[in-house]
Amino acid sequence: MKNVKVIVPTLGLILIVGWIYYSVDIRNVIIKIKSVDNTFFVPALGLSIIQIFMSSKRYFFFVCASDFKVTYDKCFHAVLSAFALNSIIPGKGGDLVKAVTISENKKQLTHLTVVTFIERGCDLSVLVLLSICGSLVLGSNHWKLTSTIFISIFLCVILLVYFFHNNPSIRKKVGDISEIFLSFKKNIRYFLVALSFSFFFWQINLVIIWLLLHSIGLSISILKVVALWPIAIFAGILPISVSGFGTRDLTFALSIGDDFKKESIYAATFLYTFLVYWFLSIISAVWLFIKNTMKPKSLEIV
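Keep in mind the model is a prediction, meaning the values are calculated, not measured. Here the residue numbering is sequential within each chain, running from 1 through the sequence in written order. Local features in this predicted model are restricted to residues whose pLDDT is 70 or higher, and side-chain atom pairs enter the listing and the counts only when it is 80 or higher, whereas totals over whole chains, interfaces and linings include all residues. Side-chain measures here rest on the full set of heavy atoms in the structure, leaving out hydrogens and waters.

S.K.: Help me understand the packing of aromatic side chains, please; the structure alone is not making it clear to me.
M.R.: For any pair of aromatic rings, the description rests on two quantities: the centre-to-centre distance and the angle between the ring planes. In this scheme Phe, Tyr and Trp rings, the latter by its six-membered ring, pair at centre separations within 6.5 Å, and the angle between planes marks the pair as stacked below 30 degrees, edge-to-face above 60, and tilted otherwise. Per the stated rule, a full pass over the model turns up 17 aromatic pairs. Judged by centre distance (5.9 Å) and plane angle (65°), the ring pair of Phe-53 and Trp-287 falls under edge-to-face. Of the two residues, Phe-53 sits in helix 3 (residues 38–65) while Trp-287 sits in helix 13 (residues 262–293), which places them 234 residues apart along the sequence. Aromatic side chains Phe-201 and Trp-202 sit 5.0 Å apart centroid to centroid with 85° between the ring planes, which places their arrangement in the edge-to-face category. You'll find Phe-201 and Trp-202 in the same group, each marked buried. Here a set of aromatic residues connected by ring pairs shows up, and it is made of Phe-53, Phe-60, Phe-61, Tyr-72, Phe-76, Tyr-190, Phe-197 and Trp-287. A helix here means a DSSP run of H or I that spans at least four residues, while a strand means a run of E at least two residues long, and both kinds are numbered starting from the N terminus. Throughout, exposure labels follow a simple rule: accessible area from a 1.4 Å probe, protein chains only, divided by the maximum for the residue type, with under 20% read as buried, over 50% as exposed, and the rest as partly exposed.

S.K.: Teacher, can you tell me more about the packing of helix 3 against helix 13 here?
M.R.: Helix-helix packing is described using two parameters, namely the angle between the two axes and the distance between the axes. Close contact between helix 3 and helix 13 brings their axes to 10 Å; oriented N to C, the two are set at 50°. It follows that helix 3 is oblique to helix 13 by the angle criterion. Like other packed secondary-structure pairs, helix 3 and helix 13 cross with a definite hand, here right-handed. Residues Phe-41, Ala-44, Leu-45, Ser-48, Ile-49, Gln-51, Ile-52 and Phe-53 of helix 3 pack against Leu-271, Leu-275, Val-276, Phe-279, Leu-280, Ile-283, Ser-284 and Trp-287 of helix 13. Gly counts as polar in this scheme, as do all residues outside two lists: the nonpolar Ala, Val, Leu, Ile, Met, Phe, Trp, Tyr, Cys and Pro, and the charged Asp, Glu, Lys and Arg. For the contact of helix 3 with helix 13, the per-class residue count stands at 13 nonpolar, 3 polar and no charged. Angular values range over 0 to 180 degrees, each being the angle between N-to-C directions of two axes fitted as lines to C-alpha atoms, with helices fitted over their stretch in contact. For classification purposes, angles smaller than 35 degrees are called roughly parallel, those larger than 145 roughly antiparallel, those between 65 and 115 roughly perpendicular, and all remaining angles oblique. Rotating anticlockwise by less than a right angle from the far helix to the near helix defines a left-handed crossing, while the corresponding clockwise rotation defines a right-handed one. Contacts are assigned to residue pairs with any non-hydrogen atoms lying within 4.5 Å of each other.

Listed below in structure tokens is the structure:
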């Protein structure tokens, strides 16, 4: 099973990148990347760094909404760990490390893992809603696809909660998930703040790719990005590639059609992967290293 989790994303990455390599002129892609307009690239870089803090705040409020006592510093450390690993673990699997980083026992680990999945579900719902709104404003038929995705996610969540809640063997291992949902209902203010951070987080993400597209010289409207980019994000989350590299790029290029040169699209999406995944992964790893080395060592009494 472990070998499959490694082989499938690796093979998927090779196949998709190979397809892109033979379908476009890679030299033109590299030329586009080298000639990037810093007027748009630098703001995208700054917004990418801000995502670390936005993600930390979002996770902190989701955890608080579940009636789990935690400090923001611990959540920040957990999110840094997730960002550091998301560039190498398929399907943003590094997010599951957040629960491992904070929890002190198996019960807490289970509780925080459920919270992480709820956070992921809310993120996907926000993306779908943004895409539907963008598609409706543009008059595009993509809203039909995103509406179907949204309804599917909602039904899957309901079925999973029902299945876990009514299966005694699973409840022994996972616990009563309904208690966490009741906590969210009781701490509705924390939950609404968490949803707000999720909404702003993905808005920033959409602005980042819009800026990167313009940095390459593509004048694409923000509404078109709002309508189409979430679909590419969904493809990138699928555990069939590393960092969503290739799947996200190909999906966006196919969604946007033949209105723009594919070399320019792939240059922009490559820069997105670089900033949002690889660059933030390096920053997070360095930050954690510095933070750990600066910890005061305990004095041994002889």
